[in-house]
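Take a look at the letters that make up each chain.
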Amino acid sequence: MTRLIVAYKAIEYFREHGDQTVAISYINAFSSSALPSQIKKLAGRAIGVEIKASGSAGSSPRALIKWLLELEDRGLRGEEKDVDGDGDGEGKDIDESMSAAFIAAAHVMEMTENEGERSKGVGGDGAGSASEVDDPSSDDDECREASAMRGFDDSVFVCVEKIPLGGKEHLIRTGRGPVSVIVYGEQDKPALITYPDIALNYVTCFQGLFFCPEASSLLLHNFCVYHISPPGHEFGAAAISHDHPVFSVDDLADQILEILNYFGLGTVMCMGALAGAYILTLFVTKYRERVLGLILVSPLSGHPSWSEWVGNKVMSHLLHFYGMCNLLKECLLKRYFSKEVRGDANVPESDIAQACRRLLNERKSTNVMRYLHAINRRHDLTKRLKKLSCRTLVFVGEHSPFYAEALHMTAKLDKRYCTLVEVQACGSMVTAEQPYAMVVPMENFLKAYGLYRPSLFSTSPRSPLSPSCSFPELLYPEKMGLKLKPIKTKLAAK
């Protein structure tokens, strides 16, 4: 399954970059190998149905993935151990020649990508032979990446220092390992805690929102913000020792409780993105009395789907064997951003994606892999969602890979307390792509708690609300890229 998704992503990568010859060679190598029949056999065993290797599912990566997704839509799904082929070792008996060819192809892909980068750097035409390309992990490449990273870090930290009230880092030792928490604001204010997605920290995940003047004024005017980084995701973090026990999603949620107790916090407002939204939702289901409300961005709530589960497995293998390589960054950027932000052969990559790509260089692969493993083994929270009585505001970009997941979650939440905001022309990271689209919904959401107070920006054209404004429904101009599904809140009903 890992080889299937890696082959598919490699083919799509070269198609997007206009190299059809390499893409076709990948398809031919994959289709002529023993892997398609092995996948059909393993999938059939997982769902308890005998499937002929010569069936109509096709043998290209795209056709096989489409077939697996159709099985999932029909409710046919196997356990992780069956799909991965670890139960009896049968999945490891794939033809050795195919494995060697696949590994060689993956190596060529990495070398070709580095050749293209070097050609651009010296003004070449990029037509050199792949056999003449240097090792992709050469000292020159590492020096270039390190130099670029140093230059970018300087600009990032200068920007961070401009945030009002200044942030202070606390390294809190919990029963499950140390956790970094950055605190912004006056600690006598209500607390807002944040939790980021995989491979991100508060800068890459939430700073786009806090650099938005209206959002910064709204949040820092009313809250003391506690940015929690997943273990090993803070700036300058060392690799977590292999001797340290692997943590689960429950461990991460329990760490949050220890952090709240460390700061002497009672009830808090929570803001999380993607995997971070899942961790905070799990925290609410376990410790309801400690949460005022939830602001979730492209949240997860159920078991991973076939496509997500296998995609996460692929990223785990890439992290293990290649570290934070370029192919892995492409996978992560597709998880975070829309195609418009990522760019393609005709459209250059945006500054947001370039900044994120550089910051990903700083992540230690073993630390990212631990968070990824925990999320890929998450349990389904669907049955617990109906029991949540705290108000919840959900944002999701219409181009997010987790769009359906967010809709499913809001459908299961109590409609008296939940509002869904769909942001058009946006990927998963609404906080980075369209932070202004979050301002007015958050203003209305926070008004229900009496937390919003007028400030300098309350008369902004993007924020036209007044203190006396009533809000039985959340309203926002369609031209700003929003589709709101308003639900009357308990306060409005009164």
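What counts, and at which threshold
Residues numbered from 1 in each chain as written. Predicted model: local features only at pLDDT ≥ 70, side-chain atom pairs only at ≥ 80, totals over all residues. Heavy atoms only, no water. Helix = DSSP H or I, 4+ residues; strand = E, 2+ residues; numbered from the N terminus. Contact = heavy atoms within 4.5 Å. Areas by Shrake-Rupley, 256 points an atom, 1.4 Å probe, with all protein chains shown as cover. pLDDT = per-residue confidence, 0-100. Axes fitted to C-alpha atoms, helices over the stretch in contact; angles between N-to-C directions. Parallel < 35°, antiparallel > 145°, perpendicular 65-115°, else oblique. Left-handed = near helix turned anticlockwise from the far one by under 90°. Nonpolar A, V, L, I, M, F, W, Y, C, P; charged D, E, K, R; others polar. Buried < 20%, exposed > 50% of the residue type's maximum accessible area, 1.4 Å probe, protein only. Pairing = 2+ DSSP bridges. Right-handed = clockwise from strand over helix to strand, strands pointing away. Core = buried A, V, L, I, M, F, W, Y, C linked by side-chain atoms within 4.5 Å. Salt bridge = Lys/Arg side-chain N within 4 Å of Asp/Glu carboxyl O. Expected span 1.5 Å × (residues − 1). Phe/Tyr/Trp six-rings, centres within 6.5 Å; stacked < 30°, edge-to-face > 60°.

### Topic: the overall build of the protein chain
A count of helical and extended segments in the protein chain gives 21 helices and nine strands. Across the protein chain, every contact between residues at least 6 apart in sequence was considered, and the portion connecting residues at least 24 apart equals 77%. For the protein chain, the exposed surface amounts to about 22000 Å²; the carbon and sulfur share of it is 53%.

### A short note on the confidence of the model for the protein chain
Summarising the model, the protein chain shows a mean pLDDT of 75, and 66% of its residues fall at 70 or more. Here residues 78-165 is a poorly scored stretch, pLDDT under 50, and it has 101 contacts once near neighbours within four places are set aside; other chains count. Low confidence marks residues 457-494, where pLDDT is under 50. Its contacts with residues over four positions away, or in another chain, come to 83 contacts.

### Remarks on the packing of helix 13 (residues 326-336) against helix 15 (residues 351-360)
Helix packing geometry: the angle between the two helix axes and the distance between the axes. Contact pair helix 13 / helix 15: the axes reach a minimum separation of 11 Å and the direction vectors enclose 130°. Considering the angle they form, helix 13 stands oblique to helix 15. Judged by the sense of rotation from one axis to the other, the crossing of helix 13 with helix 15 is right-handed. Of helix 15, the residues touching helix 13 (which contributes Lys 329, Glu 330, Leu 332, Leu 333 and Tyr 336) are Ala 353, Cys 356, Arg 357 and Leu 360. Residues belonging to the contact of helix 13 with helix 15 are distributed by class as follows: six nonpolar, no polar and three charged.

### Notes on the pairing of strand 8 (residues 418-423)
Counting buried residues in strand 8 gives six out of six residues, a clear majority hidden from the surface. As paired elements, strand 7 (residues 391-397) and strand 8 share six bridges and run parallel to each other. When the sheet's bridge partners are listed, Phe 395 is paired in strand 8 with Val 421. Each parallel crossover has a hand, and the one from strand 7 via helix 18 (residues 403-412) to strand 8 is right-handed.

### Looking at the environment of Tyr 449
Along the chain, Tyr 449 turns up in the loop between helix 20 (439-447) and strand 9 (482-485). The class for Tyr 449 is partly exposed, based on a relative accessible area of 21%. Placed 58 residues apart in sequence, Tyr 449 and Arg 391 show a C-alpha to C-alpha distance of 9.6 Å. Setting aside chain neighbours within four positions, we find Tyr 449 in contact with Met 269, Leu 292, Gly 293 and Arg 391.

### Section: the nonpolar core
Note on soluble globular proteins: their nonpolar side chains tend to be buried together. Grouped together as the largest cluster of nonpolar side chains are 127 residues, with contacts concentrated most on Tyr 336 and Met 442. Formed by seven residues, the second largest nonpolar core is a distinct cluster that contains Ile 11, Phe 14, Tyr 26 and Ile 27.

### Quick notes on the pairing of strand 6 (residues 291-297)
For strand 6, the buried fraction is high: six of the seven residues fall into the buried class. Tracing the backbone out of strand 5 (residues 268-273), into helix 11 (residues 275-286) and back to the parallel element strand 6 gives a crossover that is right-handed. Direction of pairing for strand 6 relative to strand 7: parallel, over a ladder of five bridges. Across the sheet, residue Ile 295 finds its bridge partner in strand 7, namely Leu 393.

### Comments concerning the environment of Gly 427
If you trace the backbone, Gly 427 turns up in the loop between strand 8 and helix 19 (430-433). Take Gly 427: its relative accessible area is 0%, and that puts it in the buried class. Note: C-alpha distance between Gly 427 and Ser 338 (89 residues apart in sequence) is 4.1 Å. Once residues lying within four places of it in the same chain are set aside, the contact partners of Gly 427 are Ser 298, Tyr 336, Phe 337, Ser 338, Gly 397, His 399, Ser 400 and Glu 433.

### Section: unusual backbone geometry
The phi dihedral of Ser 298 is positive, around 45°, even though this residue is not glycine. By secondary structure assignment, the location of Ser 298 is in the loop between strand 6 and helix 12 (306-322). Among the residues examined, Ser 298 registers a relative accessible area of 0% and is labelled buried. Not every positive phi belongs to a glycine, and Ala 425 is a case in point at roughly 55°. Tracing the backbone through its elements, the reader meets Ala 425 in the loop between strand 8 and helix 19.

### A few points about the environment of Leu 451
Topologically, Leu 451 is positioned in the loop between helix 20 and strand 9. Counting along the chain gives 230 residues from Leu 451 to His 221, while the straight-line C-alpha distance between them is 9.3 Å.

### Details of the pattern of salt bridges
In this structure the tally under the stated criterion is 11 salt bridges. For Arg 176, the salt bridge is made with Asp 251, and the minimal N-O distance between the two is 3.2 Å. Of this pair, Arg 176 sits in the loop between strand 1 (167-174) and strand 2 (177-184) while Asp 251 is found in helix 10 (residues 249-263), placing the two residues 75 residues apart along the sequence. The class for Arg 176 is partly exposed, based on a relative accessible area of 29%. With its nearest N and O atoms 2.9 Å apart, the salt bridge here joins Asp 254 to Lys 286. Placement of Asp 254 in helix 10 and of Lys 286 in helix 11 is noted, with a sequence separation of 32 residues between them. You can call Asp 254 buried: its relative accessible area is 11%.

### Describing the packing of helix 12 against helix 13
Packing of helix 12 against helix 13 leaves a shortest axis separation of 10 Å and a crossing angle of 145°. Every pair of crossing elements has a handedness; the one defined by helix 12 and helix 13 is left-handed. Packed against helix 12, whose contacting residues are Asn 312, Met 315, Leu 318 and Leu 319, the element helix 13 presents Leu 327, Leu 328, Cys 331, Leu 332 and Arg 335 at the interface. Across the contact of helix 12 with helix 13, the residue classes break down as seven nonpolar, one polar and one charged.

### Some words on helix 16 (residues 365-376)
Counting along an α-helix, one turn takes 3.6 residues, and residues three or four places apart therefore face a common direction. If you check helix 16, its first and last C-alpha atoms are 16 Å apart, about what 12 residues at 1.5 Å a residue would give, namely 16 Å. With respect to burial, helix 16 is a largely interior element, 10 of its 12 residues being buried. Residues of helix 16 that are buried include every one of Thr 366, Asn 367, Val 368, Met 369, Arg 370, Tyr 371, Leu 372, Ala 374, Ile 375 and Asn 376, and no others. Packing partners of the buried residues in helix 16 comprise strand 3 (191-195), helix 10, helix 11 and helix 12.

### Considerations on the packing of aromatic side chains
The relative placement of two aromatic rings is captured by the distance of their centres and the angle of their planes. On inspection of all chains with the given rule, the structure shows seven aromatic pairs. Where Tyr 184 meets Tyr 202, the ring centres are 6.2 Å apart and the plane angle is 55°; that geometry is what we call tilted. Of this pair, Tyr 184 sits in strand 2 while Tyr 202 sits in helix 8 (residues 202-210), and the two are 18 residues apart along the sequence. As far as burial versus exposure is concerned, Tyr 184 and Tyr 202 are alike and both buried. Here the aromatic rings of Tyr 195 and Tyr 371 are separated by 6.3 Å at their centres, their planes lie at 80°, and the arrangement is edge-to-face. Taken as a pair, Tyr 195 in strand 3 and Tyr 371 in helix 16 lie far apart in primary sequence, 176 residues in all. A residue is classified by how much of its surface remains accessible, and Tyr 195, at 1% relative accessible area, is buried. The exposure class assigned to Tyr 371 is buried, which follows from its relative accessible area of 1%. A network of ring pairs unites the aromatic residues Tyr 226, Tyr 262 and Phe 263 as a single cluster.

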